[in-house]
Structure formats: structure tokens, C-alpha cells
Amino acid sequence: MSYVEISHDSKKSKVDIKEEIFVGRDDSNHIVIPDPVVSRHHAIIKLQTSGAVTITDLASNNGTFVNSKKIVTTVLVNGDVVKIGPATLTLICDTTSPKIIKTNQLSPTEETTLLDVEQAIWITKKAGSPVNTLEQLQQQIKELLDPDIICIVPRHPELKELIYSRGNLKQIRISQSIIDKTIRSRKAILFNYSKGDKTQSILSERITSIISIPLISRDIIVAIVYIDCRSTEKNFKPSDLKLTVDSANIASTVLTSQLFTDTNFERVKSPYIIGKSEKIMKCIDLAHTSAKGDFIVLITGETGTGKELIARLVHSAGRGVDSPFVAINCAAIPGTIFESELFGHEEGAFTGAMNTRVGKFELAGNGTIFLDEIAEIPLELQAKLLRAIEQKEFYRIGGTQPIKFNAKIVCATNRDLQDEVSNKRFRDDLYYRVSGFKINLPSLRERKEDIPLLTYHFIEQLSTQMNKKITGTDRELLEKFMQYSWPGNIRELRNLIERAVALSSGGELSVSHIPVEVRSFESTTSLINTLNLAEVEKRIIMRALEMANYKKSEALKLLGISWPT
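Our subject in this report is the structure included herewith. None of these values were measured; they are calculated from a predicted model.

Here we look at the overall build of the protein
When helices and strands are counted, the protein shows 19 helices and 29 strands. For the protein, with 565 residues in total, the buried portion stands at 48%. In the protein, of all internal contacts separated by at least 6 residues, the share reaching a separation of at least 24 is 61%. When the accessible surface of the protein is split by element, carbon and sulfur atoms take 49% of a total near 28,600 Å².

Some thoughts on the pairing of strand S18 (residues 220-230)
Counting buried positions along S18 gives 11 out of 11 residues, so the element sits mostly inside the fold. Here strand S14 (residues 149-154) runs beside S18; their pairing, made up of six bridges, is antiparallel. In the sheet register, Pro154 faces S18, and the bridge partner there is Ala223. Judged from the 10 bridges that link them, strand S17 (residues 207-217) and S18 form a sheet pairing that is antiparallel. Looking at the pairing, Ile213 lines up with Val225 of S18.

Focus on unusual backbone geometry
Leaving glycine aside, a negative phi is the common case for residues, and trans is the common case for peptide bonds. Although it is not a glycine, Ser10 sits at a positive phi angle of roughly 65°. With respect to the secondary-structure elements, Ser10 resides in the loop between strand S1 (3-8) and strand S2 (11-16). By relative accessible area, which is 85% here, Ser10 ends up exposed.

As for the pattern of salt bridges
Going through the model one piece at a time under the given rule, you end up with 24 salt bridges. The partner of Lys279 in a salt bridge is Glu446, with the nearest N and O atoms 3.6 Å apart. Taken together, the positions of Lys279 in helix H6 (residues 278-291) and Glu446 in the loop between strand S27 (437-440) and helix H13 (451-465) put the pair 167 residues apart, joining distant regions of the chain. Glu302 is paired through a salt bridge with Arg445; the nearest N and O atoms lie 2.5 Å apart. Of the two residues, Glu302 is situated in the loop between strand S19 (297-300) and helix H7 (307-318) and Arg445 in the loop between S27 and H13; the sequence distance between them amounts to 143 residues. Residue Glu302 is classed as partly exposed on the basis of its relative accessible area, which comes to 30%. Connected through shared salt-bridge partners, Glu376, Arg415, Glu420 and Arg425 make up one network.

Conventions and cut-offs
Residues numbered from 1 in each chain as written. Predicted model: local features only at pLDDT ≥ 70, side-chain atom pairs only at ≥ 80, totals over all residues. Heavy atoms only, no water. Helix = DSSP H or I, 4+ residues; strand = E, 2+ residues; numbered from the N terminus. Buried < 20%, exposed > 50% of the residue type's maximum accessible area, 1.4 Å probe, protein only. Contact = heavy atoms within 4.5 Å. Areas by Shrake-Rupley, 256 points an atom, 1.4 Å probe, with all protein chains shown as cover. Pairing = 2+ DSSP bridges. Salt bridge = Lys/Arg side-chain N within 4 Å of Asp/Glu carboxyl O.

Everything listed here is a matter of coordinates, which is why it stays silent on function.
This is the structure:
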């Protein structure tokens, strides 16, 4: 039997690998590492039915390292050293030789060899994309079982349906009841027909045997692998199920790295930004470009679009994650202490200044200082900020010696700064100084193709936090999300999903878990396509009245019209 040898705090122990071993800081784990750098649920070591041992990082804060290399998921071999925080875990196997699994095919005269697990993973990774991974899995199942039908039913937006049929049938009907049972149980199913079965699809399609397996990545069912035999005397055996589950587990391991930590979520280019739309990719490229120079970056966009995330990307791509990132919410600092917050003060500089205070600019050092909502800085302090930017130095309040700083400055606002300049609320010289390199973030309604990716990301993140088994969303909910206007942008989407996950008892999220205003929302386009102008106007007016609690004066303000209109 394989086991893990653990070294921590000069103590050694071992844990046998039977099925799954959870590793983390929380007492509920099989291996507990009580150290703040270790996440509560850090990683999982799993013994596959084939005998292979895999390790998967559970989105930990500080990463999991195998032989000094940071991993997301990988196969462990004898002697591999896993580093999690201050602890060292060494895999000890009974044998160092790869495990080869042999089985009899449905044809009694032929014998098939399942690929060595490490070879299979290497081949699958060569496919490159999640869809290619599923194609490899489908081909492997075809060679192993020689079935009549293989259907891979996607439940993740990055995957697509794949169908193989003997004889290339144009119309194929599969057993939806078996698919539903697989989703509910989250387990592989082997079904062999008996005369008493009255399921319509099984009878009409003459299905004799079915294997159905969920592909689970990060506790989310991303696809169902459905296989059946028809109009023959063949029945799948438990050994066939075992082989198929082994292949599916390998595919699930690879899909985890492809769907949740690879280029589909743009985490290679950006550890912060989820999306692949043309508009957000342009912003990511601009962020990387701006990180190379010392010039000031101005990020604009509606509230909730992720301006701080882009600022953090500029920081990590330029000054590096090991240098300070100091964020200042300019809207949250009272004007009376603003200068002290930015530049600090000396002891006795004013009443109440009992000690010397180091300001944010000084704390930033050689890192990045992020001035969020820069338009909220009081007009009288904007001149001091401009001087500090121009001179690359500042004075603490009450200080006599200039303090140099070398931090990169990133600013953000949801206002139109040119309008603020026109209305004398923002200095024009400061505007010209900070607006040299602009990144304008699109609203969520301008990048709707990213909604499915963001939805699955938040479901994964929040269901883990709340310890719930959420498998995804139903089709109707995703359609509602695509139709909705999202005035609060990504922040609103996350809050809405957080509410839905909290209300759900598990399984799929549905429209019943979201607020009625989102559920009943109709876009202007859909209204125009189905109603005449008078009906459109009537619905908009009624909607404004509902939002204003039927106060006509408030409804008129929302509509932007006057009483005579």
C-alpha cells in the first residue's frame, strides 16, 4: 500500500493512502498543518482506481509544490516530495513500476491494454484544449468498449457536445433518466436492461446496456459521459465500468487544470481577470504594456467593473507581487485627514499628533500606490498631490526633510474627469498629468460572452466557501443572466450568485434562487421585437412607477421627463 510520509516541526508521521486524503490547516483534514500560510483546505491526495496517486491544489493562497515546482494537479510517483507551507510530504509506493491494467474486451478473442496512467495524462495534455481532452477520452472509450453510442453531454460553457455512433446515425436518443440520476447521485452508473423496465427511451432505442459517468472538476460536474449498446446481446460488465471510470478520472484531472487554472480563464496572462472577450483581453494587454514603464495609469469604468483588479494586474506584471501594493479609497477618507493619510505627519505637527505617522506614499516604497476614486480628492489637496507626482518627493505634515518615493502610481475613477475639469471640481493640470495612459474597462453588458465564465468561477469560489455542492446552473438561469442589463456589473453578478448559493440546498442553481427583478427583466430589444411602441412605453412607465413605489414625481425623475410630457 502507498503512503505519505509527513515531516513537520522535526516530527515524522505517515498516513496510508486508501481513497482520499485532505491536507490543510483545518482540523477536519486527514493531514493537519497548523500554520497560517497553509489554507484551511489546501490540497487533496487521491488514490485512483487504477492505482495512480494524484494531488490537486484546492485553490490555496500560497500554492502546492511538487519537487519544487508549483502545481495545480499532477500524478505522484514514488519518492516525489510535496511541499505545503512548512511541511514536507513524501510519497512512498510499494513499487516504482507503472501500473498496467488489462481487461477483456467485449469480444472474447481480443485483449486490450489500458495505457499507463502517466502516459495517458501526458497524451491528454497534448490535446491542448478542454474539447480536445474530451475527444481523446471519447476515442479511448471507443477503443476500450467498442460501444454503439458515446455521447459527452457538456455542463460547462467551454465544452461542447460530442457524439459518436456506430454507423453514423443522424438522430440519436439517449436515456435522459440515466443522465438525471447520474447528476443527482454524482456517481458512475452501470445499467443493464431487464424485461420489466418500461423507460420509453430504453425501449424505443432497444438499449441493452448503459454506462454513465460524471466528469467532476473542482467539485462541479462539467460533463456527463454517456455510453450504451443497442440491439445486441452485449452487456457492459463491472470491469468495463472500472476501466471507463479510470479514463474519466484522468480526463477530469486534466480538465481541472484546463478549465479552472489555464488560458480559458486567462489566469496565465492574468491571475485576477476572468474572461476572454475581445474587450477585456484588450484591457489585459494594455495593463501588461503599462506595467513596463514608470508612467501613471488611469483606469476608468463604471462601478463594479473590476478597476482594482486591473490595478493589481499592472502591479504584479510590473513591480512584482513581492513588492507593496497600497490601495487608497479616496472617497472614504475625510478631507481633514487626507493629507496625513497620503503623506504622513511628524509628532506634534497638529493637535492629536502624538506619534510620527508614515503615510501611504511612504509605505508603497518601490511598489505601487493605487488611488481609487481619484475624483473624490478635495480640490485644495490636488495641488499637493500634483507636486508630489511631479517632484517624486513629498513632506510629512510638520516635516522639514523631503522624502523620496519611487512607487508606480495607478489611479481609477467611475466619473468622467473631463466633465469634472469643466465643472471646476478637478484641476486640469492634475488631469493632464494622470491621464497619459488610459485603460477604459467595459461594463458587463458590453462583454456578455464572459458571463458564463464569471458565473462558473463565482459558483466554484462561493460554493467552496459555503461548503455546498453546487453543480452549475440550469439553462434558463444562464439565459436570464445573458438578458439582464447588470447595472452593478461584476460586483452585482457576484452578489447575486452569493445569494443564490446561500439559498440553494445543492445541485443546480435555478431562476428560483434569484431576485424577481432579474427573473422578470426584459431587455429593450426583446420588447421591441414583440411589442408595438405604445406597449413598450407603457411597460417602461409601469416599471418606473414600481421602482418609485408609485410616487409619480419620483417615477418622472427616473424617466427623465417633466409633468407636461
